[in-house]
Amino acid sequence: MEKEQADAAGEDEEPPVSRNLSGPPETQVMTDPPVVIWEDEVRQLLHYQALLPRLEEALGKFSRRDSAEVIQPVRTTITLQKHHGFLGLMPSYMENDGILCTKLVCFYNREAGSTLPATQATVLLLDSEYGNVKAVMDGDAITNMRTAAVSAISAKLLMRPEAEVLAILGTGNQALSHYNVFTELFSFKEVRVWSHTREGAERFRNSVSGPVTACVSVEEAVRGADAIVTVTRCTEPVLFGQWVKPGAHVAAVGACRPNWRELDDVLMKEAVVYVDSREGAMAESGDVIRSGAEVFAELGDVINGTKPAHRGKTTVFKSLGMAVEDAVSAKLVFDQWKSRNSHT
């Protein structure tokens, strides 16, 4: 009797949906497992020559604030108090381009000399219509390359054309990626580097292909430099305006929390300040928030022609990184992966 009642009660219910592997392609899309692309393969597939124009276009689209082009909230973070770190969630959707992506990134305030990674990231590329994950990618390689590429775009727009001396503060993975793209795009006569430790500076110098001068102090590294890249783990100012050559361009990449600093008030208030995202800078950049400096423009405003590039003045580009940068990078990696594997 109980079985008959149960059968009767279920007569009006819809049968469970099953996946038909023999059906048309649109019914199969969710049956394919995500592609997994590890760090070494990401590096093989991602090249600055193809990445730079895509990032420049994405920065322009973001600054137009057209929701059909880019939807990107400010990064959401939760505190990993025990480990002195944060988990950041960075989603973005480019409706016209059909790109849906998110990055999960853990970043930490490590002590000087720590052998633990400062960041660990994973990028998920999704199908915007079906919602399934198409690819899981190493996010560190993508983050390092797209961040350095955007800094290079800032230099292309804001650095004086006759720039000869590049100074890099920091010797980690971001320092290496910045060295690679800056020396690939620009013809510097001298590259200087500073690290908290002599070992770090020597390790960096031995890992790059060109000549590098290791400096024992920040002041020695930046005095007279035309372009300065700050990629440190510092939480208090390490670069001071009194040392910076008038008309120099600074790409500030570290200090991604509202209470962390790399640049002092003098530099922030004397320079013309550009950012990737106004909302991001006002929520996350200690250099901007604690100095009270005015943000003049986003890089996308310069790309779109709505704000000028003040090449003749001292400029600071405060980089915080944006989800749309990860999205176009991940799409490029995935497209390259598909192209490579369609011939095998």
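Residues numbered from 1 in each chain as written. Predicted model: local features only at pLDDT ≥ 70, side-chain atom pairs only at ≥ 80, totals over all residues. Heavy atoms only, no water.

### Quick notes on the overall build of the chain
Secondary structure summary: the chain contains 13 helices and 14 strands in total. Pairs at least 24 apart in sequence give 67% of the contacts found in the chain among residues at least 6 apart. Accessible surface for the chain amounts to roughly 16800 Å². Of this, 51% is attributable to carbon and sulfur atoms. Each charge class in the chain was averaged separately, 35 positive and 47 negative side chains, and the resulting centres sit 9 Å apart. (Helix = DSSP H or I, 4+ residues; strand = E, 2+ residues; numbered from the N terminus. Contact = heavy atoms within 4.5 Å. Areas by Shrake-Rupley, 256 points an atom, 1.4 Å probe, with all protein chains shown as cover. Lys, Arg positive; Asp, Glu negative; His and termini not counted. Charge placed at Lys NZ, Arg CZ, Asp CG, Glu CD.)

### Here we look at the domain arrangement of the chain
Considered domain by domain, the chain is made up of domain 1 (31-141 + 325-337) and domain 2 (144-321). A C-alpha centroid distance of 22 Å is found between domain 1 and domain 2. Taken residue by residue, the interface counts 33 residues in domain 1 and 32 residues in domain 2. Summing both partners gives a buried area of about 2900 Å² for domain 1 against domain 2, and 56% of it is carried by carbon and sulfur. Its largest share of buried area at the contact with domain 2, domain 1 owes to Tyr48, Glu56 and Glu325, together 23% of the area lost on that side. Joining domain 1 to domain 2, the criterion identifies 6 salt bridges. Note that Arg65 and Glu298 form a salt bridge whose closest N and O atoms lie 2.6 Å from each other. Applying the counting rule to domain 1 against domain 2 returns 13 residue pairs in polar contact (both at pLDDT 80 or more). Mapped onto the side of domain 1 that touches domain 2, the elements with two or more residues apiece are helix H4 (48-64), strand E3 (85-94), strand E4 (99-108), helix H5 (139-158) and helix H13 (323-341). It is H4 that provides the largest number of residues to the side of domain 1 that touches domain 2, a total of 10 residues. Grouping the constituent residues of the side of domain 1 that touches domain 2 by class yields 15 nonpolar, 7 polar and 11 charged. (Domains from an automatic or database assignment. Buried area = accessible area lost by both parts, 1.4 Å probe. Salt bridge = Lys/Arg side-chain N within 4 Å of Asp/Glu carboxyl O. Polar contact = N/O pair within 3.5 Å; in protein donor to acceptor, adjacent residues only side chain to side chain. Nonpolar A, V, L, I, M, F, W, Y, C, P; charged D, E, K, R; others polar.)

### Observations concerning the sheet that holds strand E6 (residues 133-138)
Ordered by their spatial adjacency, 6 strands build an open sheet running E1-E6-E5-E4-E3-E2, and the pairing between neighbours is mixed. Of all the strands in the sheet, just strand E1 (35-37) and strand E2 (76-80) have a single pairing partner and so form its edges. Strand-to-strand, the axes of this sheet are offset by a mean angle of 15 degrees, without reference to chain direction. Sheet topology places E3 next to E4; 10 bridges connect them, and they run antiparallel. Within E4, the residue paired with Phe86 across the bridge is Phe107. Its contacts with the sheet place H5 against E3, E4, strand E5 (119-126) and E6, and it is angled at close to 95 degrees to E5. (Pairing = 2+ DSSP bridges. Axes fitted to C-alpha atoms, helices over the stretch in contact; angles between N-to-C directions.)

### Some details on unusual backbone geometry
One non-glycine residue, Arg65, lies in the positive phi region at around 55 degrees. Tracing the backbone shows Arg65 in the loop between H4 and E2. With relative accessibility at 41%, the residue Arg65 sits in the partly exposed group. The backbone of His84 sits at a positive phi, close to 55 degrees, despite the residue not being glycine. If you trace the backbone, His84 turns up in the loop between E2 and E3. Among the residues examined, His84 registers a relative accessible area of 55% and is labelled exposed. (Buried < 20%, exposed > 50% of the residue type's maximum accessible area, 1.4 Å probe, protein only.)

### A short note on the sheet that holds strand E9 (residues 213-215)
Strand order across the open sheet formed by 8 strands is E9-E8-E7-E10-E11-E14-E12-E13, with parallel pairing between neighbours. Pairing within the sheet leaves two strands with one partner each, and these edge strands are E9 and strand E13 (295-298). Pairwise comparison of adjacent strand axes, ignoring direction, gives a mean angle of 20 degrees for this sheet. As paired strands, strand E8 (residues 190-194) and E9 are joined by 3 bridges and run parallel to one another. Residue Val193 lies in a different strand from E9, and its bridge partner there is Ala214.

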